[in-house]
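The residues making up each chain are set out below.
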Amino acid sequence: MIPAPWSQFTRALCLPENCGCEHVHLNAWLAQPSAFWSSSFYLIFAFLLFLQVQPKTQRLKLWTFSLVLLGLASHFAHGSFLEFAMAMDFGGIVLVTSFFPLYGWISKKISKTSTQMLIIFLYQAGLWFVFYSLNKWVKFSICIVIFGIAFYEIYISEGKSFFKARQLHYSICVLFISFFIFMLDELKIFCHPHSFFSGHSVWHLGTALSLYFYGKWRFREI
């Protein structure tokens, strides 16, 4: 008998019934097809943003790199449902949430893009080990706390300009709507496990669009 794909590795701790609405096909190469393919939105919006923003600064290149890491980690997580892959996915979320304060610190110490990229990758790898084997809701809670800190930092640094930042407002609104749909999916309130269109897929689309608007605001002409 041919062993199931990924079976030689530790699968996600949320299995078998606590991994969201979409059914997890443990004997397939793509455990959650809808969530896997919708992870492509992170890559699509990352490259769209990169094409639109001028000039191509180090910060833009590294921001695009962080979005690509998130997209790849999300593909890996929903394709395999390995515990380490899930940790990579959550690590990617924290990376993009904390990127700009992190870059501000790195850029003061190091000027070479490749070295900055290496440091960001090592930071991401460290987050993978932090999230490994944590309970799913603990992982969610950490991400929410990091988001709250990042949101507060933006609000304090922008002052009154915060209320005039239209693209930032778009980003926040899309994110909160997406998170609401995400929670409906996680709690299985509106749930069709074998549908190719899932609430988690909407979350991927919404967060990718939110990050796109956030990037447009961060790289706006001043």
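Residues numbered from 1 in each chain as written. Predicted model: local features only at pLDDT ≥ 70, side-chain atom pairs only at ≥ 80, totals over all residues. Heavy atoms only, no water.

Trainee: I would appreciate a short explanation of the overall build of the protein in the present structure.
Mentor: For the protein, the count of helices and strands is 8 helices and 0 strands. Rg of the C-alpha trace for the protein: 18 Å, near the compact-globule value of 17 Å for 222 residues, within the 12% margin. Projected onto its principal axes, the C-alpha coordinates of the protein cover approximately 60 × 35 × 30 Å. Within the span of the protein, comprising 222 residues, buried residues form 49% of the whole. Taking all contacts inside the protein whose residues are at least 6 apart in sequence as the whole, residues at least 24 apart take part in 73%. Per element, the accessible surface of the protein, about 11,900 Å² overall, is 71% carbon and sulfur. Of note, the protein has its 16 positive side-chain charges centred 13 Å away from the centre of its 9 negative side-chain charges. (Helix = DSSP H or I, 4+ residues; strand = E, 2+ residues; numbered from the N terminus. Rg over C-alpha atoms; globule rule 2.2 N^0.38 Å. Buried < 20%, exposed > 50% of the residue type's maximum accessible area, 1.4 Å probe, protein only. Contact = heavy atoms within 4.5 Å. Areas by Shrake-Rupley, 256 points an atom, 1.4 Å probe, with all protein chains shown as cover. Lys, Arg positive; Asp, Glu negative; His and termini not counted. Charge placed at Lys NZ, Arg CZ, Asp CG, Glu CD.)

Trainee: It is not clear to me how the pattern of salt bridges should be interpreted in this structure. Could you clarify?
Mentor: Close approach of charged atoms allows side chains with opposite charge to pair. Within this structure, the stated rule accounts for 4 salt bridges. The residue Lys136 makes a salt bridge to Glu186 at a minimum N-O spacing of 2.7 Å. Of this pair, Lys136 sits in helix H6 (residues 136-158) while Glu186 sits in helix H7 (residues 166-186), and the two are 50 residues apart along the sequence. Each member of the pair, Lys136 together with Glu186, is buried. Arg218 serves as the salt-bridge partner of Glu153, at 3.8 Å between the closest nitrogen and oxygen. Separated by 65 residues along the polypeptide, Glu153 in helix H6 and Arg218 in helix H8 (residues 199-218) bring together distant segments of the chain. Residue Glu153 is classed as partly exposed on the basis of its relative accessible area, which comes to 34%. (Salt bridge = Lys/Arg side-chain N within 4 Å of Asp/Glu carboxyl O.)

Trainee: How should I be thinking about the packing of aromatic side chains in this particular structure?
Mentor: Aromatic ring pairs: the centre-centre distance and the angle between the two ring planes describe each pair. Here the structure, examined in full by the defined rule, presents 31 aromatic pairs. Ring centres 5.5 Å apart and planes at 45° place the aromatic pair Phe90 and Phe140 in the tilted group. With Phe90 in helix H4 (residues 83-109) and Phe140 in helix H6, this residue pair connects regions lying 50 residues apart in the sequence. For Phe90, a relative accessible area of 8% corresponds to the buried category. According to the relative accessible area criterion, Phe140 is buried, its value standing at 13%. We note Lys56 situated over the ring of Phe50; from NZ or CZ to the ring centre the distance is 4.6 Å. (Phe/Tyr/Trp six-rings, centres within 6.5 Å; stacked < 30°, edge-to-face > 60°. Lys NZ or Arg CZ within 6 Å of the ring centre and 35° of its normal.)

Trainee: Quick question: what am I supposed to make of the side chain of Ser66 here?
Mentor: With respect to the element layout, Ser66 can be found in helix H3 (residues 58-80). Overall, the relative accessible area of 0% leaves Ser66 in the buried class. At 2.6 Å, the side chain of Ser66 and the backbone oxygen of Trp63 are in polar contact. Sequence-distant contacts of Ser66, defined by excluding residues within four places in its chain, comprise Leu95, Val96 and Phe99. (Polar contact = N/O pair within 3.5 Å; in protein donor to acceptor, adjacent residues only side chain to side chain.)

Trainee: How should the packing of helix H2 (residues 40-52) against H3 be read in this particular structure?
Mentor: Any two packed helices are characterised by how steeply their axes cross, that is the angle between the axes, and by the distance between the axes. Two numbers describe how H2 lies on H3: the axes approach to 8 Å, and their chain directions differ by 165°. For the element pair H2 / H3, the angle class is roughly antiparallel. Note that H2 runs across H3; the crossing there is left-handed. Seen from H2, the contacting residues are Ser40, Tyr42, Leu43, Ala46, Phe47, Leu49 and Phe50; seen from H3, they are Leu60, Lys61, Trp63, Thr64, Leu67, Val68, Leu70, Gly71, Leu72, Ser74 and His75. By residue class, the composition of the contact of H2 with H3 is 12 nonpolar, 5 polar and 1 charged. (Axes fitted to C-alpha atoms, helices over the stretch in contact; angles between N-to-C directions. Parallel < 35°, antiparallel > 145°, perpendicular 65-115°, else oblique. Left-handed = near helix turned anticlockwise from the far one by under 90°. Nonpolar A, V, L, I, M, F, W, Y, C, P; charged D, E, K, R; others polar.)

Trainee: Just checking my understanding: could you explain H6 for this structure?
Mentor: Residue pairs spaced three or four apart in an α-helix point in one direction, given the helix's 3.6 residues per turn. With 23 residues, H6 ought to run about 33 Å at 1.5 Å a step, and its terminal C-alpha atoms sit 33 Å apart, in line with that. What H6 keeps buried is the set Lys136, Lys139, Phe140, Cys143, Ala150 and Ile154. Where H6 begins, one side-chain oxygen reaches toward the backbone nitrogen of Trp137, 2.8 Å away; that side chain belongs to Asn135. (Expected span 1.5 Å × (residues − 1).)

Read these as spatial facts, not as claims about activity.
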